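Analysis of the macromolecular model
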Amino acid sequence: MATGVSVDDSVSDAFQQFKLKKGDYNLNYMTFKIKDKKNIVIDQMGGQDKSYQDFCECLPENEGRYGIVDISFETDDGRSTSKLVFISWNPDTSPIRSKMLYSGSKEAIKSTLAGVGIHINATDFSELDFESSILPTVKKFA
């Protein structure tokens, strides 16, 4: 579904730096929001001192967001590794127009964030639980 929402050029540039952990983009996560129903822009950035829990806490309860998180974990055979994970946060409690806008614009940002192989859709905070939801999904790709 095309919504006419475009991804701001700064998102692509920031993501390339984020992947390489360069300069100001040596981060654990970034969130993105739809501004004025027209552009997807950077919302928040979480540095190396921030955790996955901090990422979850920065998501608004009644508004959609997109996020990219660098998840560090240990594989079943004991290796330390990390994976980039795209999370589409579209809570059940947000207004229907907002939910439609975020759902319909998701492909635009996913195509900008090339190289992220793990995509998770969440509509409730329980779906973002690290141990029961995120970690098992990420481990499938380790």
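Computed from a predicted structure; not experimentally measured.

1. Comments concerning the packing of aromatic side chains
Summed over the entire model, instances satisfying the criterion amount to 6 aromatic pairs. Seen in terms of ring centroids, Tyr66 and Phe86 are 6.0 Å apart; in terms of plane orientation they differ by 25 degrees. Their pairing is stacked. Residue Tyr66 is found in strand S4 (residues 65-74), and its partner Phe86 is found in strand S5 (residues 80-89); the two are separated by 20 residues along the sequence. On the accessibility criterion, Tyr66 (0% relative accessible area) is buried. When the centroid spacing of 5.2 Å and the interplanar angle of 45 degrees are considered together, the rings of Tyr66 and Tyr102 count as tilted. With Tyr66 in strand S4 and Tyr102 in helix H3 (residues 96-112), this residue pair connects regions lying 36 residues apart in the sequence. Residue class for Tyr102 comes out buried when judged on its relative accessible area of 6%. Put simply, the rings of Tyr29, Tyr52, Phe55 and Phe130 touch in pairs and so form one group of aromatic residues. Cation over ring: Lys21 sits above Phe18, and NZ or CZ is 5.0 Å from the ring centre.

2. A closer look at the pattern of salt bridges
In a structure, side chains of opposite charge can pair up when their charged atoms sit close to one another. For the structure on display, the rule yields 7 salt bridges. Between Arg65 and Glu63 there is a salt bridge; the shortest N-O distance is 3.3 Å. When its relative accessible area of 8% is taken as the criterion, Arg65 is described as buried. Across the pair Lys110 and Glu107 runs a salt bridge whose closest N-O atoms are separated by 3.3 Å. Here Lys110 pairs with Glu107, and both are found in helix H3, just 3 residues apart, close to one helical turn. Each of Lys33, Asp43, Glu63 and Arg65 takes part in salt bridges that share partners, so that together they form one network.

3. Side note on the pairing of strand S3 (residues 39-47)
Two faces make up the sheet, and in a regular strand the side chains alternate between them. Here 2 bridges tie strand S1 (residues 6-7) to S3, and the two strands are oriented parallel to one another. Residue pairing across strands places Val7 opposite Ile40, the latter belonging to S3. The loop that links strand S2 (residues 27-35) with its antiparallel partner S3 comprises 3 residues; one of these, Asp36, has a positive phi angle of about 55 degrees.

4. Topic: the sheet that holds S4
Ordered by their spatial adjacency, 6 strands build an open sheet running S1-S3-S2-S4-S5-S6, and the pairing between neighbours is mixed. Looking at strand neighbours, the two that pair on one side only are S1 and strand S6 (118-122), the edges of this open sheet. Bridge count between S5 and S6: 5 bridges; the pairing is parallel. Each bridged residue has a counterpart across the sheet, and for Val85 the counterpart in S6 is Ile118. Sheet strands touched by H3: S1, S2, S3, S4, S5 and S6. Its angle to S4, the strand with the most contacts, is close to 55 degrees.

5. Concerning helix H4 (residues 130-139)
For H4, the full list of buried residues reads Ile134, Leu135 and Val138. Down the axis of H4, the buried set is contained in an arc of 90 degrees. They therefore lie on one face. Residues of H4 that are buried in the fold lie against helix H2 (52-58), S4, S5 and S6. One side-chain oxygen at the N-terminal end of H4 lies 3.5 Å from the backbone nitrogen of Glu131; it belongs to Asp129.

Reading the values: rules and limits
- Residues numbered from 1 in each chain as written.
- Predicted model: local features only at pLDDT ≥ 70, side-chain atom pairs only at ≥ 80, totals over all residues.
- Heavy atoms only, no water.
- Phe/Tyr/Trp six-rings, centres within 6.5 Å; stacked < 30°, edge-to-face > 60°.
- Helix = DSSP H or I, 4+ residues; strand = E, 2+ residues; numbered from the N terminus.
- Buried < 20%, exposed > 50% of the residue type's maximum accessible area, 1.4 Å probe, protein only.
- Lys NZ or Arg CZ within 6 Å of the ring centre and 35° of its normal.
- Salt bridge = Lys/Arg side-chain N within 4 Å of Asp/Glu carboxyl O.
- Pairing = 2+ DSSP bridges.
- Contact = heavy atoms within 4.5 Å.
- Axes fitted to C-alpha atoms, helices over the stretch in contact; angles between N-to-C directions.
- Arc of directions from axis to C-beta.
- Polar contact = N/O pair within 3.5 Å; in protein donor to acceptor, adjacent residues only side chain to side chain.

Just geometry here; none of it tells us what the structure is for.
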